[in-house]
Amino acid sequence: MGNRVARDDYEWVYTDQPHADRRKEILAKYPEIKSLMSPDPRLKWIVCMMVAVQFLAFYLVKDLDWKWVLFWTYAFGSCVNHSMTLAIHEISHNTAFGNTRPLWNRCFAIFANLPIGLPYSASFKRYHLDHHRYLGGDGIDVDIPTEFEGWFFCTRFRKFVWIILQPLFYAVRPLVINPKPISRLEIINLVIQFSFNVGLYYLWGSKPLVYMLAGSLLGMGLHPISGHFIAEHYMFLKGHETYSYYGSLNLLTFNVGYHNEHHDFPSVPGRRLPLVKKIAAEYYDNLPQYTSWVKVLYDFIMDDSLSPYSRVKRKLKGEVKQE
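Residues numbered from 1 in each chain as written. Predicted model: local features only at pLDDT ≥ 70, side-chain atom pairs only at ≥ 80, totals over all residues. Heavy atoms only, no water.

### Details of unusual backbone geometry
Positive phi is not limited to glycine here, since Asn94 has a value of about 60°. You can see Asn94 is positioned in the loop between α3 (66-92) and α4 (102-113). Judged by relative accessible area, which is 11%, Asn94 ranks as buried. Of note in the backbone geometry, Phe254 takes a positive phi value of approximately 55° without being a glycine. Looking at where Phe254 falls in the secondary structure, it is placed in the loop between β2 (244-245) and α12 (259-264). Judged by relative accessible area, Phe254 falls into the buried class, the value being 16%. (Helix = DSSP H or I, 4+ residues; strand = E, 2+ residues; numbered from the N terminus. Buried < 20%, exposed > 50% of the residue type's maximum accessible area, 1.4 Å probe, protein only.)

Next up, the structure:
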């Protein structure tokens, strides 16, 4: 468990990200994909159902013994809350109400944020669009680990700890890599979430609060679904910076596993990404892909050639327009 990884820096490249050129090429050949770029009418109802399920769970856990609270937190709450973060990811691309109603999407994301307990939906929107526009961009893309993460988490045991602490690093990274002035919507998100958390505590006590917050932290740490954090962009094969996953957990994650397809067509809702792959199969079938996020986590920890440094990074040229 003490073996040190071989990497001591990121994989620096001097080419543009591949998604923009592939998008143009695919659209020229298959213009019908444009018809998939519209809101998903089911999304808002699925999100409302998930929020309702968690509200019911808050009520049900309030009278359980602590051992059962913790059991259901990991076995159920962590799955739902991680799935809810990916619903917020979907909403950040305006797939709930469309591009003509951006404020409706932002407000709906704050609503979807409630059972997660951690106010992040407004901030996520600002940084996530930069991730798409400037994938791997030095000082811009906060999905890339910091220098400290790459330097310190360099053994198998430390990588294991790093995966457990993923929620912490995702929260701190923007403040280190690309701090932005706090926005009015972020303040609203914070106030609404804090008020909800306090109200939940006063209504049903500490157990629902622990179920909610611990479920979010555990679900984004050492958890099968959290394998997507590693699978999406960590360079398991030299020269490839985005990977898709086509396993069954896509059913719980709004097809976030179709990640090459998503970066090629971020305006296509997750439910329709399998259609993109089907229409333009020759562009995706031969790309490196995964069938197990659990195996991704295992391989990342055990492979001494992989570390938080295993990311493609590029210096950006020209004017950078951030959210």
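### Considering the UniProt feature "domain: Sphingolipid delta4-desaturase N-terminal" (unreviewed entry) in the protein
UniProt records the feature "domain: Sphingolipid delta4-desaturase N-terminal" (unreviewed entry) at residues 5-43, using the numbering of this structure. As annotated, residues 5-43 has a helix share of 31% and a strand share of 8%, and its two end C-alpha atoms lie 42 Å apart. (UniProt positions renumbered as here; feature names shortened; annotations may be inferred.)

### Some remarks on the UniProt feature "transmembrane region" (unreviewed entry) in the protein
Taken from the UniProt record, the annotation "transmembrane region" (unreviewed entry) applies to residues 43-61, 68-91, 103-123, 187-204 and 210-231. Counting secondary structure, residues 187-204 comes out at 100% helix and 0% strand; the distance between its end C-alpha atoms is 26 Å. Along residues 210-231 one finds 68% helix and 0% strand; the C-alpha atoms at either end are 29 Å apart.

### As for the nonpolar core
Grouped together as the largest cluster of nonpolar side chains are 35 residues, with contacts concentrated most on Val47, Met84, Ile91, Trp162, Ile230 and Phe300. Those elements giving two or more residues to this core turn out to be α2 (43-61), α3, α4, α7 (156-164), α11 (227-233) and α15 (293-302). When near neighbours in sequence (up to four residues on either side) are disregarded, Ile230 contacts Trp162, Phe236, Val296, Leu297 and Phe300. Among the nonpolar cores identified, the runner-up in size contains 13 residues, and Leu36, Leu273, Tyr283 and Tyr284 belong to it. (Core = buried A, V, L, I, M, F, W, Y, C linked by side-chain atoms within 4.5 Å. Contact = heavy atoms within 4.5 Å.)

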